[in-house]
Amino acid sequence: MKLLKQFWWILPLAFIAFYPVTLAGGSPYWSGLLIFVGIYVILTVGLDLLMGYTGQISVGHAAYFAIGAYASGILTAKYGFSPLGAMVIGMVLTGIVAWALGRPVLALKEYYLAMATLAFNEIVVTLIIGLEWLTGGASGLRDIPSFSIFGLVLSNHVHYYYFVWAIVIIVIACSLAVVRSPFGRTLVAIHSDEVAARAFGVDTAKYKTRIFVLASVFASMAGSLFTHYMGFLAPDDFGVLTSINILVMLFLGGIGTIFGPILGAFFMKLLPELTYQIHDYELLLSGLILIIVLVFMPKGLFGIFTAIWEKMFAKADK
Amino acid sequence: MKKFFVLIILCSVFVIFTGVGPIMAQTKAPYKIGGIFPLTGYLSWLGEYKKKGSELKVELINKAGGINGRQLELVVYDDQSSPETGSRVAQRLVSKDGVIAMIGTASVPISGAVASIGNRYKIPTIIGSGYEVDSKKDHFVFNSAHKTDFAVERPFEYFKGKGITKVALLMPIGPLGELGGGLARKYAPKYGITIVGEERFDVKAPDITAQLAKLRTLGPQAVFSFCTGEPAALVARSMAQLGMNIPVLVSHGNANPGFLKLVSNVNIPILVPAGRAAAPESIPDNDPCKRVILDFNKAHQQKFGEPANYYSAEMVDAVDIIAAALKVVPTADGEKLQDAIEKTKGLVGMNGIYNFSTTDHHGTVLQDMMVLTVKDGKWQVLLK
Amino acid sequence: MTDFSHIVQFFFSGLTSGSMYALIAVSLVIVYKVSLLICFAQGEFFVIGALAMVTLVSKGLPMPLAFVLSILISTVLGALVQRMLIKPIQNAGIGNLIVMTIAISLTLRGAALLVWGKESHILKPFSSGAPIPVLGATLQPQVLWIISITIVVLIMIWIFFEKTKLGIAMRACAENRLGASLMGISTDKAALLAWAWGSGIGALAGMAVAPLLFMQYGSGVMPMVKGFIAVSIGGLSSIVGSVVAGLLLGTVEAYTIGLISSKFSDTIVFSLLMVVLIFKPSGLFGKG
């Protein structure tokens, strides 16, 4: 039993590893769905690092999703770059942007910070629409090739699924490492009382900027993965509404837990599967579900999960 | 000898049963066609028309006995006016529902996302938006909507006839604006028109008089605003507010009764390009499309209490095109079906007579588009 | 042909959108002043107020009556939302509260979709009349209504918060929560009233602006974002500041469109917002 408690993560890992053959039954549709889920897990986990651990509100995370996506799209479709190279360039570009924004923006508090992040999201989207000659504008960017690594083309769904989830697992492992490190503990300290942290000599701006860069780079990676899967890009998918969706996934799953966002992404991306017959009700339902979670389960889905888990082991340890 | 005969009979019985089984399953199993429409989101108001039109057409075909003895089944999903959702439901239709063809989508980016899926999985896809199909790259994609070029060329032809040479562009921010602006500049020289200026506006803005005031200083004789629905009405109303009594050309998407209501008290000339389906009474009797349109309108009126319109027409024709191709390719094999559609000639639809080819995946011609104007709350034909 | 009518028109265009932003900004600030919460659902009260009025008018009610009833409906709705959904989690972190208002926004929008459908609805202007010509430019009469309503609202707010016992108590709550509750002022009641005020004014904004727009279930998102921008520029703590900021925003927008670029006007406006936030974080009129 103790072994199970320590190695519980093997179960979800096995699920992910065998999913395409078991539940998905080799069908590209179901593999495809989990590819979208994986991409949003990366986005949400990044946001958790920023909001959940460091307490910095961001209502514009999709901006970095967009920068990575369009960098990959433009470089591969228009200039023939290799997808891997384009992705790395996208990550570097996003990192630089986040670094430049970090200090001035993260110095803001609460609502003002939220507004600034929202404003930047809008700036990115309006620039994508305005610079048509580069981005295809509102009509979109076409003919984006599939992802390939050194000549190995990943156009098969199942192959791409494993590639995406390999990256997801690396991101999760990375985030867990950050969170459990002294750097991570400092972030939490900044979250609970920034003034005190500064009094202790912590350069809070530096820490906040660094985690912001990390979260944005993750988002950029997710953007590149998204681009090569869709084969087509349009600014509609990167606006404030998308940022709000990511926020909702974060809270639904359980903020500040790294694993919560995973549940949140799964739930929000799979909800449409249940409601596609009653699509008109989907908006209302997602709002109601979120309300219920916020009022009755503030720790999110992961909170419920851990509560049940604790109960199980409390009984066993007796 | 007896043994031999028994053997023969047994074998025949065996063959008949095993053969009939699958054949029977085939005659029972319907042809599944995927329908992707914006039923929620900012395009939802026209998604409903497309859905109703396609569902009714499928119903009519089934009532008449189906195709090759099999029924058609339309599997409808909402793309929520989002390209990502469009891509996702297209995937679902192809892998989970096993459709043999797809129709739908109402905007250029969504069409792009769905076209990507159609090409990837070799499933013939007939879209109905301003998306321009490159028959080489979008091998499996066809477009039953009139080429947007027609919606610019015919009105420009009208302008030329009226001596209008200076046109200002007031384009909405978004794919329609980009499309309209690009086409306007492409065709202006052909019809002796000079584009005096171009401004963009946010379709959700409460006021666009700033842009119009700026354009007015350039002395235009007409304004071209390629937008649909409320934004088009806003442009017309704002021009009236500023006393700009010159014609305003809007998109062919406005050829529906809802738009007439929106501009009911606006007194400047409004030009709307449209296919025959928008004004059936004006079609000459010897036009084969007239019969098709009137018959469908009757059925639509009976079922939904209103006649079909330009949006429904596109999707009705899409269903027709697939049905015709299925008659040639009963196995519904993707590649063969695509080939059959590409070879379709002389198919009389509501939007015109379709002639596809390896270089033309749109099928309709310039003359299929008319220019209408709003007069006393009704449509009046300006250019046939 | 150097007539400056178009420059005047830019001003009127700015006034038209600005008056809308100003009124929404006021509704946001009122809620914030008392309960320290920015409501992401304000756009939905905007829409519900307008669509409720459309429905009542179409059922034959005279306009003034429909007007009053719609305000009442939204006010009650706002109060209900506060009591049932905000109060239970009022001590949760600010992130949770923000997301709750987002959840409320999704729910109300989803409900509006089911009640009023996807089509757009038209509301007649409050007074019939041709656009008013001034210096070669024109202004829609409805804009004068919006401005008048804003002025009336400001006066009412001033009277309430400065002159009535309840109002003064609410202000005390905003300025010092602990102190106020020690004095026996019910912070709960104050929060409830603040939300009622906020949703009522939000609905008012929707009804006043509806004749200029075409309202449908999703029409509240853009006005709300613009309202936020106005509040951020004007400062969260100043009601008058938010009105000025709203008008300023509308005017800057219009002049940017007219004189610089209509394609990049949003980019420019949002960039200006970021500049204001970074260099004067508490807004142009706010106090640190």
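Residues numbered from 1 in each chain as written. Chains lettered and ligands numbered in written order. Predicted model: local features only at pLDDT ≥ 70, side-chain atom pairs only at ≥ 80, totals over all residues. Heavy atoms only, no water.

Enquirer: Outline the overall build of chain B, listing residues and values.
Expert: The helix and strand tally for chain B stands at 12 helices and 14 strands. Its C-alpha atoms give chain B principal-axis dimensions of roughly 100 × 40 × 35 Å. The contacts in chain B between residues at least 6 apart in sequence include a share of 67% that link residues at least 24 apart. Carbon and sulfur atoms provide 59% of the accessible area of chain B, an area that totals close to 14,300 Å². Distance between charge centroids for chain B: 4 Å, based on 43 positive and 35 negative side chains. (Helix = DSSP H or I, 4+ residues; strand = E, 2+ residues; numbered from the N terminus. Contact = heavy atoms within 4.5 Å. Areas by Shrake-Rupley, 256 points an atom, 1.4 Å probe, with all protein chains shown as cover. Lys, Arg positive; Asp, Glu negative; His and termini not counted. Charge placed at Lys NZ, Arg CZ, Asp CG, Glu CD.)

Enquirer: Please set out the interface of chain A and chain C residue by residue, giving values where relevant.
Expert: In this complex, chain A contributes 36 residues to the contact, which on the side of chain C involves 42 residues. For the pairing of chain A and chain C, the buried interface totals around 3,600 Å² over both sides, and the portion due to carbon and sulfur atoms is 82%. Ranking the residues of chain A by area buried against chain C places Tyr111, Tyr112 and Leu283 of chain A at the top, with a combined share of 21%. Inspection of the chain A/chain C interface yields 1 salt bridge. With its nearest N and O atoms 3.3 Å apart, the salt bridge here joins Glu132 of chain A to Lys263 of chain C. Applying the counting criterion to the chain A and chain C interface returns 5 residue pairs in polar contact (both at pLDDT 80 or more). Elements supplying a minimum of two residues to the side of chain A that touches chain C: helix H5 (83-106), helix H6 (110-130), helix H12 (240-253) and helix H14 (282-296) of chain A. The class makeup of the residues in the side of chain A that touches chain C is 28 nonpolar, 4 polar and 4 charged. (Buried area = accessible area lost by both parts, 1.4 Å probe. Salt bridge = Lys/Arg side-chain N within 4 Å of Asp/Glu carboxyl O. Polar contact = N/O pair within 3.5 Å; in protein donor to acceptor, adjacent residues only side chain to side chain. Nonpolar A, V, L, I, M, F, W, Y, C, P; charged D, E, K, R; others polar.)

Enquirer: Describe the sheet that holds strand S14 (residues 378-383) of chain B, listing the residues and the values that go with them.
Expert: Residues and elements named next belong to chain B. The strand order across the open sheet formed by 7 strands is S7-S6-S8-S9-S10-S13-S14, and the pairing between neighbours is mixed. What marks the edges here is a single partner per strand, and that holds for strand S7 (194-201) and S14. Bridge count between strand S9 (residues 248-249) and strand S10 (residues 270-275): 2 bridges; the pairing is parallel. Bridging from a neighbouring strand, Val248 pairs with Ile270 of S10. Across the sheet, helix H5 (residues 148-161) touches strand S6 (166-172), strand S8 (222-224), S9, S10, strand S13 (369-375) and S14, and the angle it forms with S13 is around 65°. (Pairing = 2+ DSSP bridges. Axes fitted to C-alpha atoms, helices over the stretch in contact; angles between N-to-C directions.)

Enquirer: Help me get a handle on the confidence of the model for chain C, residues and values and all.
Expert: Residues and elements named next belong to chain C. In the predicted model, chain C carries a mean pLDDT of 86, and the fraction of residues at 70 or more is 94%. Mean pLDDT across the secondary structure elements of chain C bottoms out at helix H7 (residues 177-182), with 68, and peaks at helix H2 (residues 42-58), with 92. Overall fold confidence for the complex sits at a pTM of 0.85, while the interface term, ipTM, reaches 0.86. (pLDDT = per-residue confidence, 0-100.)

Enquirer: Lay out the packing of H12 of chain A against helix H13 (residues 259-275) of chain A in plain terms, naming residues and giving numbers.
Expert: Residue and element names in this part refer to chain A. Where H12 meets H13, the closest approach of the two axes is 7 Å, and the angle between their N-to-C directions is 120°. Between H12 and H13, the interaxial angle falls into the category oblique. Classified by chirality, the crossing of H13 by H12 is right-handed. Here H12 contributes Val248, Met249, Leu250, Leu252 and Gly253 to the contact with H13, which in turn contributes Gly260, Pro261, Leu263, Gly264, Ala265, Phe267, Met268 and Lys269. For the contact of H12 with H13, the residue count by class is 9 nonpolar, 3 polar and 1 charged. (Parallel < 35°, antiparallel > 145°, perpendicular 65-115°, else oblique. Left-handed = near helix turned anticlockwise from the far one by under 90°.)

Enquirer: How would you sum up the nonpolar core? Please name residues and give values.
Expert: Counting residues in hydrophobic clusters, the biggest one holds 196 residues, and the most contacted among them are Val41, Tyr160 and Trp165 of chain A together with Phe46, Met100, Ile104 and Ile157 of chain C. Looking at which element gives the most residues to this core, the answer is helix H1 (residues 5-35) of chain C, with 16 residues. Counting residues in hydrophobic clusters, the runner-up holds 69 residues, among them Ala205, Leu212, Ala278 and Leu383 of chain B. (Core = buried A, V, L, I, M, F, W, Y, C linked by side-chain atoms within 4.5 Å. Buried < 20%, exposed > 50% of the residue type's maximum accessible area, 1.4 Å probe, protein only.)

Enquirer: Tell me about the interface of chain B and chain A, residues and numbers included.
Expert: Each side of the interface is counted separately: chain B has 31 residues, and chain A has 31 residues. Between chain B and chain A, roughly 2,600 Å² of surface is buried when both sides are summed, and carbon and sulfur atoms account for 51% of that area. Looking only at chain B, the three residues that lose the most surface to chain A are Glu84, Arg88 and Glu178 of chain B, adding up to 26% of its buried area. At the boundary of chain B and chain A, one finds 3 salt bridges. Residue Glu84 of chain B is joined to Lys269 of chain A by a salt bridge in which the shortest nitrogen-to-oxygen separation is 2.8 Å. Where chain B packs against chain A, one counts 12 residue pairs in polar contact (both at pLDDT 80 or more). For the side of chain B that touches chain A, the elements supplying multiple residues, two or more each, are strand S2 (72-78), helix H3 (83-96), helix H4 (108-121) and helix H6 (175-187) of chain B. Each residue belonging to the side of chain B that touches chain A can be placed in one class, and the counts come to 11 nonpolar, 9 polar and 11 charged.

Enquirer: Now, about the sheet that holds strand S5 (residues 141-143) of chain B: what can you tell me, with residues and values included?
Expert: Residue and element names in this part refer to chain B. The strand order S2-S1-S3-S4-S5 describes an open sheet built from 5 strands, whose pairing is parallel. Two strands lie at the open edges of the sheet, namely S2 and S5, each paired on one side alone. Strand-to-strand twist in this sheet, taken as the mean axis angle between neighbours without regard to direction, amounts to 20°. Alignment of strand S1 (residues 31-37) against S2, held across 7 bridges, turns out to be parallel. Along S2, the bridge assignment pairs Ile36 with Tyr77. Where helix H2 (residues 44-63) meets the sheet, its contacts fall on S1, S2 and strand S3 (101-104), and the angle it forms with S2 comes to roughly 165°.

Enquirer: Break down the side chain of Lys57 of chain B for me, with residues and values.
Expert: All names here are of chain B. By the secondary structure assignment, Lys57 is in helix H2. Judged by its relative accessible area of 14%, Lys57 is buried. Within the structure, Lys57 has its side chain in polar contact with the side chain of Asp320 (distance 3.4 Å). Non-local contacts of Lys57, meaning those with residues more than four positions away in its chain, are made with Phe296, Val316, Val319 and Asp320.

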